[in-house]
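# Structural overview for review
Next come the chains, spelled out residue by residue.
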Amino acid sequence: MADRIQVVSCIDDNLIDHLPTLLYSIDQTTDHPVDFHLVYYRLSQAHQARLAQCQTVLTHTTLVMHQLPKVWLQLIESLNLKDSRLPIGTYFRFLLPLVLNDLPRVLYLDTDLIVNRSLWSLWQTELNGYPIAASEDSSVTVFRQYGWNHGIFGPQGDHYFNAGVVLMDLTRLRQINAPFACAQLAQDTADLLVHADQDVQNLYFYRACRLWDHTANYGLEYFDRAPLPLDEITIIHYYGPKKPWHNLVTEAPMSAARKPAIHRYRQLRNQMQARLGDWPLAVTVIVDARDLDPTQFEACLESLWIQTYTNLSVVILTERPLPADLAAYLQQVQGFYPHTQVVTGDWATAANATTDPLLFTFQLDQVLATPHIISQLVAALETAAAVQAHQSAQAPLRPLSGWLLRRAALPAQASEVTTTKINQELNPKLHEFTSWTTTVPEQSEE
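## Let's talk about the overall build of the chain
Scanning the chain from terminus to terminus reveals 15 helices and 19 strands. The proportion of buried residues among the 446 residues of the chain is 54%. Sequence separation of at least 24 residues holds for 79% of the intrachain contacts in the chain that already meet a minimum separation of 6. For the chain, the exposed surface amounts to about 19,800 Å²; the carbon and sulfur share of it is 50%.

Structural data, given as structure tokens:
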């Protein structure tokens, strides 16, 4: 076991969707075998099957499941979580020394992060008597800059660490009865806590934590205040309200410095889903940008890139070359979304730019209202009772925005079209699509 990295996350049914991206990021960057322990109390059969599916595509990472015994859950299940907006599972990390009782140490990871470099150097950290190691929270940088005091620790808040990445000396934690002490501390301080279990750990391990530099747990805030290239960061952690699955224009506007980290997460997500074969039918989205409004460009593409249906190619249809600033933006992001291209011409040119079996037509001045629209449309198209064929022997290829087309229906030159359109009357479930797009709002930035 000496040459194997021991990693753990605490999970429930609400966290499974993002876990494959984390697993893939570890598997792609590790230079040593990894045992990834997953601690849960309840987990649906479907999600257990999903994890088993993930195991089949992981090369260097072995998943080890641990169901939390009821006897240990009783230590924390009476906690008052009314104001924390967090599930009880966030406190499972208190119990890790008990659950993983055969391990001397483990590296705890939250699920809303990606590993960007090998974990070996973090795993090999000499703790020198400290029970844990972690990185300071990015909020400490803000406190220092503005001379603010921490809400709990006051002027001593410069020792506050982020509990999303923690190296634990499990042997030492068992010796000092840390699980029981932290559980009791959580009960005693429930009315004071702002960040739930993280505050508890900072209270209990105050000045008893070895601090890593911030590359071990690099929050988005650092890209504005202590920027580093992505390849110099070991772990990128998306703590805070703005996540990679949010539209960076309409939901989570942020500085340009932070955006490459968001795109990197999505790139890994897309690669993992491709390995898992989640979406076998490839879809080309044709974005009609011929009536080009530069303020709408990013919001529209963002609404496509956050779709849960990730087997997408994007063809941007224009009448002329893109303006220099938009061309530069697209060049920056194409490394993360390689199946994105610009074509000049008409609908036929755009349709012939790929060979994907499905085409989805879209306007630049629209955004998809939820991340699930394309997956729902494809599912509906696959249901024979939910489609209606419309034929026109001489009609040019000028489909309405929001149509999902089967390429098999297109003539060889794409000058005529037999389209397949979702028929809402035949499938009541599709009535929800009546308002699935919205006009692009004005852009704002932090």
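## As for unusual backbone geometry
For Asn 128, which is not glycine, the phi dihedral falls at a positive 50 degrees. Phi at Asn 177 is positive, roughly 55 degrees, even though this residue is not glycine. Checked against the element boundaries, Asn 177 lands in the loop between helix H7 (170–175) and helix H8 (178–188).

## Observations regarding the pattern of salt bridges
Think of it this way: side chains of opposite charge can pair up when their charged atoms draw near. The final tally for this structure, using the stated rule, is twelve salt bridges. Residue Glu 221 pairs with Arg 225 through a salt bridge whose shortest N-O separation is 2.5 Å. One end of the pair, Glu 221, and the other, Arg 225, are both in helix H10 (residues 221–225), four residues apart, so they sit about a helical turn from each other. Looking at Glu 221, the relative accessible area reads 22%, which means it is partly exposed. A salt bridge links Glu 302 to Arg 266, with the shortest nitrogen-to-oxygen separation between them at 2.7 Å. Remark: Arg 266 occurs in helix H11 (residues 259–276) and Glu 302 occurs in helix H12 (residues 297–305); sequence separation between them is 36 residues. Both residues of the pair, Glu 302 and Arg 266, belong to the buried class. Salt bridges sharing partners connect three or more residues here, namely Glu 221, Asp 224, Arg 225 and Arg 258.

## Some points on the sheet that holds strand E5 (residues 113–115)
An order of E5-E10-E9 is seen for the three strands of this open sheet, with the pairing classed as mixed. Each having just a single partner strand, E5 and strand E9 (218–219) make up the two edges of the open sheet. Examined bridge by bridge, E5 and strand E10 (residues 235–237) share three bridges and lie antiparallel to one another. Within the sheet, the bridge partner assigned to Leu 113 lies in E10 and is His 237.

## Describing the sheet that holds strand E6 (residues 132–136)
The seven strands lie next to each other as E3-E2-E1-E4-E7-E6-E8, forming an open sheet whose pairing is mixed. Each of the sheet's edge strands pairs with one partner strand only, and the pair in question is strand E3 (61–67) and strand E8 (209–212). Averaged over neighbouring strand pairs, the angle between their axes works out to 30 degrees when direction is ignored. Sheet strands touched by helix H2 (residues 45–57): strand E2 (34–40) and E3. Its angle to E3, the strand with the most contacts, is close to 160 degrees.

## Some points on the layout of surface pockets
Of the pockets and cavities examined, the second largest pocket occupies roughly 500 Å³. In this structure, the second largest pocket is lined by 20 residues; those nearest its centre are Asp 17, His 18, Arg 269, Gln 273 and Thr 308. Secondary structure elements with two or more residues in the lining of the second largest pocket: helix H1 (19–29), H2 and H11. If one sorts the elements of the lining of the second largest pocket by residue count, H11 sits on top with three residues.

## Quick word on the packing of H1 against H11
Contact geometry for H1 and H11: axes closest at 9 Å, N-to-C directions at 95 degrees. As judged from the angle between their axes, H1 and H11 are roughly perpendicular. Across the interface between the two elements, Pro 20, Thr 21, Tyr 24, Ser 25 and Gln 28 from H1 touch Tyr 265, Leu 268, Arg 269, Gln 271, Met 272, Arg 275 and Leu 276 from H11.

## With respect to the packing of aromatic side chains
Here the distance between the centres and the angle between the planes together describe a pair of aromatic rings. Taken as a whole and judged by the stated rule, the model has eleven aromatic pairs. On the numbers, 4.8 Å between centres and 85 degrees between planes, the contact of Tyr 204 with Phe 205 is edge-to-face. Among the residues examined, Tyr 204 registers a relative accessible area of 27% and is labelled partly exposed. Three or more aromatic residues joined by ring pairs make a cluster, and in this case those are Tyr 218, Tyr 222 and Phe 223. Directly above the ring of Trp 123 sits Arg 105, whose terminal nitrogen or CZ lies 5.8 Å from the centroid.

## Topic: the environment of Tyr 238
Tracing the backbone through its elements, the reader meets Tyr 238 in the loop between E10 and H11. Judged by relative accessible area, which is 0%, Tyr 238 ranks as buried. Distance in space between the C-alpha atoms of Tyr 238 and Ile 262 is 8.5 Å, their sequence separation being 24 residues. If we ignore the near neighbours within four places in the chain, the residues touching Tyr 238 are Asp 112, Leu 113, Ile 114, Leu 220, Lys 243, Pro 244, Ala 261, Ile 262 and Tyr 265. For Tyr 238, the side chain forms a polar contact with the main-chain oxygen of Ala 261, separated by 2.6 Å.

## Focus on the pairing of strand E4 (residues 105–109)
Counting buried residues along E4, five of its five residues qualify, which places the element largely inside the surrounding structure. Here E4 shows a buried face lined by Arg 105, Leu 107 and Leu 109 and a second buried face lined by Val 106 and Tyr 108. Two elements, strand E1 (residues 5–10) and E4, share two bridges in a ladder whose sense is parallel. For Val 8, the partnering residue across the bridge sits in E4 and is Tyr 108. In terms of strand pairing, E4 meets strand E7 (residues 161–169) through five bridges, oriented antiparallel. Note on E7: the bridge partner recorded for Leu 107 is Leu 167.

## Some words on the side chain of Gln 307
Mapped onto the elements of the fold, Gln 307 is located in the loop between H12 and strand E12 (312–318). Owing to a relative accessible area of 1%, Gln 307 belongs among the buried residues under this scheme. In terms of polar contacts, Gln 307 uses its side chain to reach the backbone carbonyl oxygen of Thr 370, at 2.9 Å. At a separation of 3.3 Å, a polar atom in the side chain of Gln 307 contacts the main-chain amide nitrogen of Ile 373. Apart from residues lying up to four places away in sequence, Gln 307 is in contact with Arg 269, Leu 312, Leu 368, Thr 370, Pro 371, His 372, Ile 373 and Ile 374.

Calculation criteria
Residues numbered from 1 in each chain as written. Predicted model: local features only at pLDDT ≥ 70, side-chain atom pairs only at ≥ 80, totals over all residues. Heavy atoms only, no water. Helix = DSSP H or I, 4+ residues; strand = E, 2+ residues; numbered from the N terminus. Buried < 20%, exposed > 50% of the residue type's maximum accessible area, 1.4 Å probe, protein only. Contact = heavy atoms within 4.5 Å. Areas by Shrake-Rupley, 256 points an atom, 1.4 Å probe, with all protein chains shown as cover. Salt bridge = Lys/Arg side-chain N within 4 Å of Asp/Glu carboxyl O. Pairing = 2+ DSSP bridges. Axes fitted to C-alpha atoms, helices over the stretch in contact; angles between N-to-C directions. 1 Å grid on protein atoms, 1.4 Å probe; cavity = no way out; pocket = protein on both sides within 12 Å on 5 of 7 lines; lining within 4 Å. Points joined across faces, edges and corners; volume = space filled by probe spheres on them. Parallel < 35°, antiparallel > 145°, perpendicular 65-115°, else oblique. Phe/Tyr/Trp six-rings, centres within 6.5 Å; stacked < 30°, edge-to-face > 60°. Lys NZ or Arg CZ within 6 Å of the ring centre and 35° of its normal. Polar contact = N/O pair within 3.5 Å; in protein donor to acceptor, adjacent residues only side chain to side chain.

What is shown is where atoms sit, not what they do.
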